[in-house]
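Topology and contacts: notes
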Number of protein chains: 2
Amino acid sequence: MQKRIPVSPDSTRCSTCMLSEICLPLGMARNDISRLDELIKERIRLPKGTALFHRGDKTEAVYGIRSGSIKTQLEDASGQVQITGFLLPGEILGMDGLVDNTHVSHAIALEDSEVCVIRLDEMDRLAMQLPVLQQQLRRLMSKEINRSHLLVMSLGALRSEQRLAAFLLNLSHRLSALGYSPYEFVLRMSREEIGNYLGLTLETVSRLFSRFAREGVIKIHQREVHILDMQALRTLAGSDCA
Amino acid sequence: MQKRIPVSPDSTRCSTCMLSEICLPLGMARNDISRLDELIKERIRLPKGTALFHRGDKTEAVYGIRSGSIKTQLEDASGQVQITGFLLPGEILGMDGLVDNTHVSHAIALEDSEVCVIRLDEMDRLAMQLPVLQQQLRRLMSKEINRSHLLVMSLGALRSEQRLAAFLLNLSHRLSALGYSPYEFVLRMSREEIGNYLGLTLETVSRLFSRFAREGVIKIHQREVHILDMQALRTLAGSDCA
DNA sequence: CGATCAATTGAGCCGTCTCAATTTGGGTGG
DNA sequence: CCACCCAAATTGAGACGGCTCAATTGATCG
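Residues numbered from 1 in each chain as written. Chains lettered and ligands numbered in written order. Predicted model: local features only at pLDDT ≥ 70, side-chain atom pairs only at ≥ 80, totals over all residues. Heavy atoms only, no water.

**Let's talk about the nonpolar core**
Here is the rule we go by: By nonpolar core is meant a set of buried Ala, Val, Leu, Ile, Met, Phe, Trp, Tyr and Cys residues that side-chain atoms within 4.5 Å join together. When a residue's accessible area, from a 1.4 Å probe over protein chains only, is under 20% of the maximum for its type it is buried; when over 50% it is exposed; and in between it is partly exposed. A contact between two residues is defined here by any heavy atoms of the two lying within 4.5 Å.
Counting 66 residues, the largest nonpolar core has F167 and L233 of chain A together with F167 of chain B as the members making the most contacts within it. Those residues in contact with L233 of chain A that lie beyond four places of it in its chain are A165, L168, L169, F212, V217, I218 and I227 of chain A. Listed in part, the 54 residues of the second largest apolar core include M28 of chain A together with L24, L36 and I40 of chain B.

Dropping the structure here:
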């Protein structure tokens, strides 16, 4: 299920990775980044639908997404699920499992994906010589806290159309940072998953997409999205009166 | 407004603090904890209603609450507010401001409060000699991520009565860990603040409190809460069918 | 002791959910 | 290659939960 791949001398490393502008190396000095090559010793290939980790698994590493996309979700005693994030290349996951070194969420690939394994023991070892690495992890964790707080804001303070518009803008923005078009992209998740993430039903999501399309803000066919009027989408996302 | 108080030789320190079972020292060895005394050099006294920090302030420290209680809230461009947490003694705040070393949220005292200042530069310095401290911060940040994810779950997946019941249980649990009664406590925040936090209106919160009281689950008078039937409250919080 | 703010309670409305029927698309095996 | 099947998405009708607006009561604090 999980195919672990050693990083061979000729494969891409942090120092040569295109994602270094987004991922762990962000903002680090060139020769500090080359030290990261010691850190990432393997990758894991995840076919669509498979789990990187489940709740209860021992946390031995955090993971940087190299390609594909992954959802993280909580599951309570009664089986109720809440998706807490859709992660894209360059983003780090697994940082919610560092309290007792046990994962509390599930991470599942939305499409065939590959992640870089950042082992915690290696991390601690290397951080002794490279203090900037600790600060880097601290930044990434802080970012994750902020991401989650923004989702709280979305769920707690926005109406449904604002949530969905903000969701599209957020995706557009992150994909654009990866070098893709901010105007055209493919949703890797179902209506049901979007609804779960945004605290809405799948029907509401579908209706809103249809409405946005009817109003000429987007064009949507199945999972292919075209943003036709970015400004209108921003207006939908922001408060009406602003 | 902010009264900074140097920690004098005779005042309480981490090594003698009652909160060491909850706060930064949690799980650390006795003589590692005594090293923390070097870390906390001052405290800040916050009268009710005053801010510990605002969005945009430079993040020079994180803070451990010594007494009182503090709310943290986001505020978007249009002035829309979302409360992201109500923090109690022994809990750490400010960890969302470590991305660009600038706070993104506001922290406001719900009552007269006092916090211990954990300066980041001191932290980094000490962590060189005391690697366990880095892991400690990592755990605390992971805990904050989890806290936020649980709020997401509450907002995204629970109905209003479940949210409010879960809120009361959570408070009860945390107060109990501080040595207070899990059955009787005083809410430090208004109905409006509870509503904002839980994604409800203040009227809905008030009505639900009244209903819980009518059903004999709690007794509530203004901000004084008595939990009469803890199990019933758990049932209200959990899924009905479970 | 009045002024002010917080909390309660009610009535009516609106948005989102639920339940259900239909359409569309993708994948699979004959 | 086509027909079939199943999952995903769309769309509609009706119900209900939580919101809005409004009035009243109850605390708190000069």
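After that view, the rundown keeps rolling.
**Things to note about the interface of chain B and chain A**
Rules: Buried area: the sum, over both parts, of the accessible surface (1.4 Å probe) that disappears when the two are put together. Throughout this description, the term salt bridge denotes a Lys or Arg side-chain nitrogen within 4 Å of a carboxyl oxygen of Asp or Glu. Here a polar contact is recorded for every N or O atom pair within 3.5 Å, except that within protein the pair must consist of a potential hydrogen donor and a potential acceptor, and residues adjacent in sequence are included only if both atoms are side-chain atoms. Here the term charged refers only to Asp, Glu, Lys and Arg, the term nonpolar to Ala, Val, Leu, Ile, Met, Phe, Trp, Tyr, Cys and Pro, and the term polar to all other amino acids, Gly among them.
Listed per partner, the contact involves 41 residues of chain B and 41 residues of chain A. The contact between chain B and chain A buries some 3700 Å² in all, and 65% of this surface belongs to carbon and sulfur atoms. Of all residues in chain B, R138, H149 and M153 of chain B give up the largest surface area on contact with chain A, accounting jointly for 19% of the area buried on that side. Here D124 of chain B ties to R138 of chain A by a salt bridge, and the two come within 2.4 Å at their closest N and O atoms. Linking chain B with chain A are 16 residue pairs in polar contact (both at pLDDT 80 or more). Across the side of chain B that touches chain A, the residue classes tally to 20 nonpolar, 14 polar and seven charged.

**A few points about the relation of the copies chain B and chain A**
Our working rule: A least-squares fit on C-alpha atoms brings the copies together, and the residues used are those whose pLDDT is at least 70 in both copies.
Between chain B and chain A, the superposition needs a rotation of 180° and an axial shift of 0.0 Å, giving an RMSD of 0.0 Å. Seen this way, the second copy is the image of the first under a two-fold rotation axis. Interface overlap between copies is the fraction of interface residues in one copy that are interface residues in the other; for chain B against chain A it reaches 100%, indicating a shared surface.

**Overview of the packing of helix α2 (residues 120–129) of chain B against helix α3 (residues 131–157) of chain B**
Residues and elements named next belong to chain B. Stated precisely, the cut-off is as follows: Lines fitted to C-alpha atoms define the axes here, with helix axes fitted over just the stretch in contact, and angles between the N-to-C directions of these axes take values from 0 to 180 degrees. The helix and strand labels rest on DSSP assignments: H or I over at least four residues marks a helix, E over at least two residues marks a strand, and numbering proceeds from the N terminus. When an angle is under 35 degrees it counts as roughly parallel; over 145 it counts as roughly antiparallel; between 65 and 115 it counts as roughly perpendicular; any other value is oblique.
Where α2 meets α3, the axes come as close as 5 Å, and the angle between the chain directions of the two elements is 125°. Regarding the angle of α2 to α3, the classification is oblique. Together, M123, D124, L126, A127 and Q129 of α2 and P131, L133, Q134 and L137 of α3 make up the contact between the two elements.

**As for the side chain of R138 of chain B**
Tracing the backbone shows R138 of chain B in helix α3. At a separation of 2.4 Å, a polar atom in the side chain of R138 of chain B contacts the side chain of D124 of chain A. Excluding residues that lie within four positions of it along the chain, R138 of chain B makes contacts with L98, L120, M123, D124, Q134, L137 and M141 of chain A.

**Observations concerning unusual backbone geometry**
All names here are of chain B. Despite not being glycine, N101 has its phi angle at roughly 55°, a positive value. Residue placement: N101 occurs in the loop between β7 (92–93) and β8 (106–109). Taking relative accessible area as the criterion, N101 reaches 32% and is therefore assigned partly exposed.

**Quick notes on the sheet that holds strand β4 (residues 61–67) of chain B**
Cut-off, in case you're wondering: For two strands to count as paired, DSSP must find a minimum of two bridges between them.
Read from one edge to the other, the open sheet built from five strands follows the order β1-β2-β9-β4-β7 (chain B), with strand pairing classed as antiparallel. Edge positions in the open sheet fall to β1 (3–6) and β7 of chain B, since each of these has one partner strand only.

**Some thoughts on the pairing of β8 of chain B**
Residue and element names in this part refer to chain B. Here β8 shows a buried face lined by H106 and I108 and a second buried face lined by A107 and A109. Where strand β3 (residues 51–53) meets β8, two bridges bridge the pair, whose relative direction is antiparallel. Considered in β8, the bridge of A51 is made with I108. Judged from the four bridges that link them, strand β5 (residues 70–75) and β8 form a sheet pairing that is antiparallel. When the bridges of β8 are listed, T72 appears paired with A107.

**With respect to the sheet that holds strand β5 (residues 70–75) of chain A**
All names here are of chain A. Pairing in this open sheet of four strands is antiparallel, and the strands run β3-β8-β5-β6 from one edge to the other. Every interior strand has two partners, whereas the edge strands, β3 (51–53) and β6 (81–87), have only one. With direction set aside, neighbouring strand axes in the sheet form an average angle of 30°. Running over the sheet, helix α5 (residues 191–198) touches β5 and β6 and is turned about 105° from β6.

**What to know about the protein's contact with DNA strand C**
The condition that has to hold: Consider each residue's heavy atoms; a residue with any of them within 4 Å of a molecule or strand counts as near.
The environment of DNA strand C is made up of 19 residues, and the closest members are T204 of chain A together with R191, S206, R207 and S210 of chain B. Sugar and phosphate atoms represent 65% of those atoms of DNA strand C found within 4 Å of the protein. Contacts to DNA strand C include T201 of chain A, whose side-chain N or O atom sits 3.0 Å from a phosphate oxygen. Contact distances for DNA strand C include 2.6 Å between a phosphate oxygen and a side-chain N or O atom of S210 of chain B. Taken together, the elements giving at least two residues each to the surface near DNA strand C come down to α6 (202–214) of chain A together with α6 (202–214) of chain B.

**Quick notes on the UniProt feature "domain: Cyclic nucleotide-binding" (unreviewed entry) in chain A**
The criterion, for reference: UniProt positions are given in the numbering used here, feature names are shortened, and annotations may be inferred rather than shown by experiment.
In the numbering adopted here, UniProt assigns the feature "domain: Cyclic nucleotide-binding" (unreviewed entry) to residues 24–102 of chain A. Annotated as residues 24–102 of chain A, this span is 9% helix and 41% strand, and its ends, taken at the C-alpha atoms, are 22 Å apart.

**A short note on the domain arrangement of chain A**
Quoted interface sizes are often the accessible area lost when the parts come together. Residues and elements named next belong to chain A. Put simply, the rule reads: An automatic or database domain assignment provides the domain bounds reported here.
Domain boundaries assigned for chain A yield domain 1 (3–154) and domain 2 (159–237). The contact between domain 1 and domain 2 buries some 1400 Å² in all, and 59% of this surface belongs to carbon and sulfur atoms. For the domain 1 face of the interface with domain 2, the top three residues by lost area are F86, L88 and S154, together amounting to 39%. Across the domain 1-domain 2 interface, the total number found is three salt bridges. Our enumeration of links across domain 1 and domain 2 arrives at eight residue pairs in polar contact (both at pLDDT 80 or more). Elements supplying a minimum of two residues to the side of domain 1 that touches domain 2: β6 and α3 (131–157). No other element matches β6, which puts seven residues into the side of domain 1 that touches domain 2.

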